[in-house]
Each structure stands twice: as structure tokens, then as C-alpha cells.
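Now for the letters of each chain:
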Amino acid sequence: VTAAVLAGREQDLSPLSRWLGALQELSVTASRLAVLPCAVGQALRALRSLDLARNSLGDDSLAPAFCQGAFTQLRVLSLRHNNLTSYSGVCGSVRLLGELQHLDLSHNALTAGTPSSPCQWPATLRIFNLSSAGLDHVLAPLPPALEVLDLSSNRLHAVDISLRSLQALFLSRNALPAAPSIRGCPALHTLHLDNNLIAELPRDEALLLEHLQDVAVAGNPFNCTCGGAGAVQALAAVGCLRQGWPQGYVCHAPARYQGVLLRDVPTSVLQCNPAAVLAPVCTGLALLCVAMAGGLLGARGARPRWLCGLGQREDACSGAEHL
């Protein structure tokens, strides 16, 4: 649908109800749509997917569109590139969509809003796209049963998420100075952190990331210390760095490695911490020298018994044996 002046034309839908009742996919995009009458959703009883991208829908126009009895079978809803600003307002407007599984709110300028009552997302919601939504912090609440969450291309400086069912988390193109903790997301298998401000992955966090299947950290300003480079190389070694490795992993510091691929930074113990290798060697050599010196002193002070039979005085041999 490209000519979408629908307000006031509800009666025109009646002759089409026989066909509209079976429609499963509908796209009304780039049509300057500002109002979607309740009757449209009530007529589209079998609709599974609704794409309303690139329109002029605002916060006040959503609640009438998703009224009681409208879009009862809707699974996928795209509202990207509209004029939405209230996160809580959107939440309240779609709460009646009891079958909704995938919601796209990307490319809107969302803020928390001031809900008059606690927001409750549809319990069926599994995929949530909040990319390019102007967020400087993670808005709450998040749908509790999410499996895929896209927060890429925002202004996030910190992320603290605990979702037991979350399987994929996309945080690309933000301002994160460090990798977020994933301890609260035990089902996570995909984590994208590319193009942030992450200089180094702490070793304990890297150990957690090694259990994931798909990790992306390319395009960050890496500080290629032995520990930092070693943590990323360990991720590559277990095969979970699938995107951008190795070309997208370039050292920014220290100066001697600037512009070098992180893959080529030496991280062996001998190269990174020679003292840790040399100290045990030196200690062993010192102990060996002490043992040899003790053996030589013993050899000088004692006379073997067979010498006592070759003309040596008995008292000399007795003294030697004593020593």
C-alpha cells in the first residue's frame, strides 16, 4: 500500500472484508501515514506481519491503532523510522498484541517517558530491535523472555542486562569503554561489540566469552599489551571470532605496535614476561651449584677406605673417616 489515507474510510473496508480477513502480510511504508484506524486492525484478523516503516506515526496514534480486537494474530511489527519518542508509551500501546514476537522500534528518538502505570510488554515478545534509537542508557523494563536484543548504533556507555533467555545481544557502534558482564545471560551465544571504545578485554571476562559461539570485537582501539592481545587471541583460537578477524583487529597502542594486526602481537610467556621464565631457571642453576660445591667439599675432606691400606697411618685414616 502506497496511498494510505485510511482515516475516515473504515466503511470502504467492508466490501473487502472477505479478502482482508485472510491477509497475512501487509506493508504500508513511506506513505506519510499518521493515523491507523482501529477498524483496520479489526478487519485484518489473520495478519501475521505488519510493516509501517518510514511513516509519521507518533506516540498518540499507536494506542487507537492497536485497540481491543485489532491484529489479534500479529507476530511481527515494524515501526522503524517514525516519530515515536516515548518508550513507555509504545509499551502501553502494544500490550494488547498477545501474539507479538518481533518488534522493531529502530530509527526513532526514544526516551523513557513517564508512564502512569508500570509498563508490561507482551509476554510472547522474543526479538526486540532498539538500534539507532538515540539511547544513552538501556531503557527499562525490557521484555523478560527476550531471545534477541539489538541495541547497536546508540550512545551507550554502560550496559547491565540480566535476561535468562537472551541468546543474542548486539551492541555494535556504541561508546562502551569495556565489555559488559554476561553473567546474567547464561543462554547467550552471540555477542557483538565491534566499533566501540574497548581497549582491552579483561582475562576473566574473556574466559566467559570463550564459551560463546559468535563474538565480534573488531574496530575497537586495542591496547596490545601482552594480556590484552592474549585475551583476544585466545578467543580467535577457540573459533568464536567470526566477523572481522584478523583484519578488523588493529593495535592503537603501545606505540611500537600501532597499526599492527593484533594477531601478530607476540604473547608467549618468554616474550611477555621473561622474568617469569628466567627466575626458575636461575634458581635451579643456583641449587645445582650449591649441590656440586657441597659434593666437592665432601670429596676433599674424606679419604676413601681403600687408601688406608696403602701405607697410610691408622690414625690418619680414622680421622679421615670421622671427617
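Look above for the structure.
These figures come from a predicted structure and were not determined experimentally.

Caption draft 1: How the structure looks around unusual backbone geometry. Residue Pro 141 is bonded to the preceding Ala 140 through a cis peptide linkage, with omega at 0°. Locating Pro 141 in the fold gives a position in the loop between strand 5 (127-129) and strand 6 (148-150). Look at the link from Trp 245 to Pro 246: it is a cis peptide, with omega at 0°. The backbone of Arg 32 sits at a positive phi, close to 55°, despite the residue not being glycine. Here Arg 32 is to be found in the loop between strand 1 (25-27) and helix 2 (38-43). With phi around 55°, Arg 173 is a residue other than glycine that occupies positive phi space. You can call Arg 173 partly exposed: its relative accessible area is 42%.

Caption draft 2: Structural detail: the environment of Ala 237. With respect to the helices and strands, Ala 237 occurs in helix 6 (residues 226-237). Distance from Ala 237 to Glu 210, taken between C-alpha atoms, is 9.2 Å for residues 27 residues apart in sequence.

Caption draft 3: Region of interest: the state of the cysteines. The full count for this structure, using the stated rule, is 3 disulfides. Each disulfide pairs two cysteine sulfurs, and for Cys 38 the partner residue is Cys 67, the sulfurs being separated by 1.7 Å. Its S-S torsion of approximately 75° makes the covalent link between Cys 38 and Cys 67 right-handed. Taken together, the residues span a long stretch of sequence, with Cys 38 in helix 2 and Cys 67 in the loop between helix 3 (59-65) and strand 3 (76-78) at a distance of 29 residues. By relative accessible area, Cys 38 is classed as partly exposed at 23%. According to the relative accessible area criterion, Cys 67 is buried, its value standing at 13%. Each sulfur in the disulfide pair Cys 91 and Cys 119 lies 1.4 Å from the other. Taking the torsion about the S-S bond as the criterion, the Cys 91 to Cys 119 disulfide, at about 115°, is right-handed. With a gap of 28 residues between them, Cys 91 in helix 4 (residues 87-93) and Cys 119 in the loop between strand 4 (102-104) and strand 5 connect regions that are remote in the sequence. Considered together, Cys 91 and Cys 119 belong to a single accessibility category, that of buried residues.

Caption draft 4: Structural detail: the nonpolar core. Leu 77 and Trp 121 are the most contacted members of the largest nonpolar core, which totals 78 residues. Of all the elements in the fold, those that place two or more residues in this core are helix 3, helix 4, helix 5 (203-209) and helix 6. Examining the composition of this core, we find that 4 residues originate from one element, helix 6, more than from any other.

Caption draft 5: Representation of the sheet that holds strand 4. Taken in spatial order, the 9 strands line up as 1-2-3-4-5-6-7-8-9 in an open sheet, and their pairing is parallel. Edge positions in the open sheet fall to strand 1 and strand 9 (214-216), since each of these has one partner strand only. Averaged over neighbouring strand pairs, the angle between their axes works out to 0° when direction is ignored. Inspection of the sheet shows strand 3 paired to strand 4 by 3 bridges, in the parallel sense. Opposite Ser 78, over in strand 4, you have Asp 104 as the bridge partner.

Caption draft 6: Molecular detail of the side chain of His 192. Within the secondary structure, His 192 is located in strand 8 (residues 190-192). Judged by relative accessible area, which is 7%, His 192 ranks as buried. The residues contacting His 192, other than those within four sequence positions of it, are Leu 169, Phe 170, Leu 171, Ser 172, Asp 214, Ala 216 and Gln 243.

Caption draft 7: Fine view of the environment of Ser 162. With respect to the helices and strands, the residue Ser 162 is situated in the loop between strand 6 and strand 7 (168-170). Residue Ser 162 is classed as exposed on the basis of its relative accessible area, which comes to 54%. C-alpha of Ser 162 to C-alpha of Leu 142: the two residues are 20 residues apart in sequence and 9.7 Å apart in space. Ignoring any residue separated from it by four or fewer positions in sequence, one finds Ser 162 in contact with Gly 184 and Cys 185.

About the thresholds
- One numbering rule holds for all chains: residues counted from 1, following each sequence as written.
- Given that this is a predicted model, residues contribute local features only at a pLDDT of at least 70 and side-chain atom pairs are listed and counted only at 80 or more, while totals for whole chains, interfaces and linings are drawn from all residues.
- With hydrogens and water stripped out, all remaining heavy atoms of the structure feed into the side-chain values.
- The secondary structure listing takes helices from DSSP runs of H or I that are at least 4 residues long and strands from runs of E that are at least 2 residues long, numbered from the N terminus.
- Each residue is placed in one exposure class: buried if its accessible area under a 1.4 Å probe, protein chains only, is under 20% of its type's maximum, exposed if it is over 50%, and partly exposed if it falls in between.
- Note on disulfides: each one is a pair of cysteine sulfur atoms within 2.5 Å.
- For this analysis, a nonpolar core means a set of buried residues of the types Ala, Val, Leu, Ile, Met, Phe, Trp, Tyr and Cys, connected via side-chain atoms within 4.5 Å.
- Each pair of strands is called paired provided DSSP finds at least two bridges between the two strands.
- Axis geometry follows a simple rule: fit a line to the C-alpha atoms, using only the stretch in contact for helices, then measure angles between N-to-C directions, giving values from 0 to 180 degrees.
- Residue contacts are counted whenever heavy atoms from the two residues lie within 4.5 Å of one another.

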